[in-house]
Amino acid sequence: MHEVAYGTARLRGRIDHLLAAKLHRGLESVRPKIHEILRLGAYQVLYLDGVPPYAAISQSVELAKEVGGRTTAGLVNAVLRAVAADGDGPERFPDPDDDAAGYLSTWGSHPRWLIERWLSRWDVASVEALVRADNERPPVCLLPLEDDAATAVSRLADAGIEAEAVGEGTDCVRLSHGQAPRDALGVLASIVQDPAANLVVRYADVPPGTKVADLCAAPGGKALALSRRAVYTLAADRSERRMRLVRENVARVGGPVGLVVADVLRPPLAETDVVLVDVPCTGTGTLGRHPDGRWRLEPHQIGGLASVQRGILESAQHLVRPGGLLIYSTCTLEPEENEVQVKAFLDRHAEFQLAPSDAVPARFVTEEGFLRVLPQDSGFDGSFAARLRRRP
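Residues numbered from 1 in each chain as written. Predicted model: local features only at pLDDT ≥ 70, side-chain atom pairs only at ≥ 80, totals over all residues. Heavy atoms only, no water.

Attention now goes to the packing of helix α2 (residues 12-20) against helix α3 (residues 32-47). Each pair of packed helices gets described by two things: the angle between the helix axes and the distance between those axes. It is at 10 Å that the axes of α2 and α3 come closest, and there the two elements cross at 100 degrees. The orientation of α2 relative to α3 falls into the category roughly perpendicular. The segment α2 lies against α3, with Arg12, Arg14, Ile15, Asp16, Leu18 and Leu19 engaging His35, Leu38, Arg39, Ala42, Tyr43, Leu46 and Tyr47. A class-by-class count of the residues in the contact of α2 with α3 yields eight nonpolar, one polar and four charged. (Axes fitted to C-alpha atoms, helices over the stretch in contact; angles between N-to-C directions. Helix = DSSP H or I, 4+ residues; strand = E, 2+ residues; numbered from the N terminus. Parallel < 35°, antiparallel > 145°, perpendicular 65-115°, else oblique. Contact = heavy atoms within 4.5 Å. Nonpolar A, V, L, I, M, F, W, Y, C, P; charged D, E, K, R; others polar.)

Printed below as a string of structure tokens:
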């Protein structure tokens, strides 16, 4: 059920293009529930190897009969049989040489406006690599909190769980396909964390013995990772429900972490050594892990979130003691939320300067000193971070 739901969301654009070609009056002519039945059926027919096409079609027809009667069931049967017969070969999509945006939005299954946005920054090959990465099933990675990666892999193997060290400057281990994260978490004191998020923690390079405040902490992965070097870490988020997730993780693995429900725009804190703001963002670096996100995102949200991020930075900067660090991070690929945001902040605040870290491989650090992880280059989620020091 999980595979069908996530897979259909991931390849929705491709599936809709194939379905539209089989409907004389287009997808707009079918009711939303029938549209979803067609999507689910087409995904199983084309991409779910464990389900015979006849079984997927038969089940879809039965669902359609319940929702719309025999006539609707007949339509679903005809469309899915046509999709199964024709397949999803390259001839079914726009020519990438003539219409790169059309090809990458249909075959690549991303909103066209987002594809066009990316094509304005990267060449066609890079954007194709990005949509391929987004359409892969993402692996599950763990960050061991008490062991190095090699020891963690060995301990998991002793428990019958296959895993490998990720490397690439991270401390993460990658579980083999089919291994249950719950079982692995029972063996290791660890948290689920993508290598891109771990690279943010490594790039932050928090000095040992400092006090850290993570002001957008839920679900707590970065706060727990930072707590291994900090003398004390405060994890804050304005959502009580999301802070319960942090509490569960802290209770499971321990650590010097305090919890508070608080609004980052009105933080109940005095100055401290390190402030991390992992801000709300469009999340375009994590569309492989959250495939529904690409369909919910609208162009205007980029500017709206950039405004929110600016407010968070303005609030957080007051909490950094002289000589302390302000770490700004996102999981988006969009410049307005990343480099442009940080450069504008530095223009407003001469008391801060970029203080890049050499704790991560050089290929993840831009010439300007920002952390930038791209899915198409790394196979990880996308992430961005800036390490800013308040002048003494």
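With that out of the way, let us pick up the pattern of salt bridges. Proximity of charged atoms lets side chains of opposite charge pair with each other. Following the criterion strictly, the structure yields 28 salt bridges and no others. A salt bridge links Arg112 to Glu116, with the nearest nitrogen and oxygen atoms 2.9 Å apart. In this pair, Arg112 and Glu116 both sit in helix α6 (residues 112-119), four residues apart, roughly one turn of the helix. Judged by relative accessible area, Arg112 falls into the partly exposed class, the value being 38%. (Salt bridge = Lys/Arg side-chain N within 4 Å of Asp/Glu carboxyl O. Buried < 20%, exposed > 50% of the residue type's maximum accessible area, 1.4 Å probe, protein only.)

Moving on to the side chain of Ser357. Its location among the elements puts Ser357 in the loop between β10 (352-354) and β11 (371-373). Classification of Ser357 by relative accessible area gives buried; the value is 7%. From its side chain, Ser357 meets the backbone oxygen of Tyr203 in a polar contact 3.3 Å long. Looking at Ser357, its side chain comes within polar contact range of the main-chain nitrogen of Ala359, at 3.0 Å. (Polar contact = N/O pair within 3.5 Å; in protein donor to acceptor, adjacent residues only side chain to side chain.)

Now for α6. Within α6 the residues assigned to the buried category are Leu114, Ile115, Arg117 and Trp118. Seen along its axis, α6 keeps its buried residues to an arc of 160 degrees; they face one direction. (Arc of directions from axis to C-beta.)

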